[in-house]
Amino acid sequence: MILIIFLISIFTFMLVSFIPGDPVYAMLGEEVSQEEYDRVYHELKLDQPVVTRYFSWLGGAMTGDWGQSTQFHKPTLEVLNERIPITLYFSLVAFAISIPLGILFGVISAVHRGKAADTIVTLVANITACLPQFWIALLVMYIFALKLGLLPSYGFTWFSEDLVMGIKQSILPLFCLALGGIATTTRQTRSSMLEVIRQDYVRTARSKGLSQKKIIFLHALKNALIPVITILGMRLGSMLAGSMFVESVFNIPGMGSLFVKAIQSRDIPVVQACVLVTALVSCVINLLTDILYAVVDPRVRYE
């Protein structure tokens, strides 16, 4: 994980070098004054060798100095501290919703294989998994906000400020974020359960007279969770990285929408910080997923 983060930090830093033309003109435009140009040029340390600039930037990033945002005119870390909690809130809540529902639907589909319940669940999951997230966001906004007027179409309010408005503004974004996770988890759980329920120990459990619920949830499901955990870890990482679509559609001031605005305004320090934070979170999630394997399956610990 440390090696991956180190390599990503190199590519993230080189974003400045990938910008066509002069990075300062790309960020501020061609009409910038010479004084402003010199100030930003010095802030980006473009007057230093590239290796010196990289280690200077890396050392600053490790100590919390992410540079100055050219768009918001304040430290990048301060901008991130305002946006990251909102993205984490939507991602974690949507993840918590999608896990039990996805596993439940997957188990139902596998247990009733070939029946009406399996057909309906599989069909809906396959269709939902193929729909782009931003398209779903636009669709539900059009129906529930513009046509029916039941829910607000933009913004975010913390519950501590206004509980009712906070709940209303959270419903549509959480629905869009959780829908894909439910579909993906359902499909993977169904596939894993179909492999497990054919195993000998499941037939042995049935021959001992155990109830169907105990066989499914205590014996079959626990052994089917390893590939599901992999999907869940990847899904949580994609929620954090993919929240930019939902946040942009609903105008939510999270890290995703910040990332989009930073790219549009060529705010290089913010872009670098967003990429590095997203990569760091994804690496931590992958590490926790590996640890969770050993918690769920004791055979992993023994090996």
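My aim in this report is to walk through the structure given alongside it, one point at a time. Residue positions are counted from 1 within each chain, in the order its sequence is given. Residue-level local features of this predicted model are given only where pLDDT is at least 70; pairs of side-chain atoms are given and counted only at 80 or more, and the full residue set underlies all totals for whole chains, interfaces and linings. Side-chain metrics rest on all non-hydrogen atoms present in the structure, leaving aside hydrogens and water.

### Quick notes on the environment of Trp 135
By the element assignment, Trp 135 lies in helix α8 (residues 133-147). In the structure, Trp 135 is positioned 26 residues away from Ser 109 in sequence and 27 Å away in space, judged by C-alpha atoms. Helix numbers and strand numbers start at the N terminus; a helix is a DSSP run of H or I with at least 4 residues, a strand a run of E with at least 2.

### What about the nonpolar core?
Only buried residues count toward a nonpolar core, which is a set of Ala, Val, Leu, Ile, Met, Phe, Trp, Tyr and Cys residues joined through side-chain atoms within 4.5 Å. Relative accessibility under 20% of the residue-type maximum defines a buried residue, over 50% an exposed one, and the middle range a partly exposed one, all with a 1.4 Å probe and only protein chains included. If you look at the biggest cluster of nonpolar residues, it comprises 42 residues, and the most contacted ones within it are Phe 90, Cys 176, Met 193 and Phe 250. When contributions to this core are tallied by element, the ones reaching two or more residues are α6 (76-111), α8, α9 (163-196), α10 (200-207), α11 (212-249) and α13 (268-296). Ranked by residue count, the leading element in this core is α11, at twelve residues. What makes two residues a contact is simply this: any of their non-hydrogen atoms within 4.5 Å. When neighbours within four sequence positions are excluded, Cys 176 is seen to be in contact with Gln 133, Ile 136, Ala 137, Val 140, Val 246 and Phe 250. Counting 18 residues, the second largest nonpolar core, distinct from the first, contains Phe 13, Leu 58, Phe 259 and Cys 274.

### What to know about the packing of α6 against helix α12 (residues 255-264)
Note on definitions: angles span 0 to 180 degrees between N-to-C directions of axes, and those axes are lines fitted to C-alpha atoms, for helices only across the stretch in contact. For the pair α6 and α12, interaxial distance at closest approach is 7 Å and the crossing angle is 130 degrees. For the element pair α6 / α12, the angle class is oblique. Every residue of α12 that contacts α6 at Val 79, Leu 80, Arg 83, Ile 84 and Thr 87 is listed here: Met 255, Gly 256, Ser 257 and Leu 258. Lys, Arg, Asp and Glu make up the charged group, whereas Ala, Val, Leu, Ile, Met, Phe, Trp, Tyr, Cys and Pro make up the nonpolar group; the residues left over, Gly among them, are polar. Tallied by class, residues from the contact of α6 with α12 come to five nonpolar, three polar and one charged. To sort the angles, those under 35 degrees are grouped as roughly parallel, those over 145 as roughly antiparallel, those from 65 to 115 as roughly perpendicular, and the leftovers as oblique.

### Looking at the environment of Cys 176
Considering the arrangement of structural elements, one finds Cys 176 in helix α9. Each C-alpha atom, one on Cys 176 and one on Leu 146, is 17 Å from the other, the two residues being 30 residues apart in sequence.

### Remarks on the state of the cysteines
Working definition: a disulfide is two cysteine sulfur atoms within 2.5 Å of each other. Enumeration according to the criterion identifies zero disulfides in this entry. We note that Cys 176 lacks a disulfide partner, and the nearest cysteine sulfur, in Cys 130, lies 17 Å from it.

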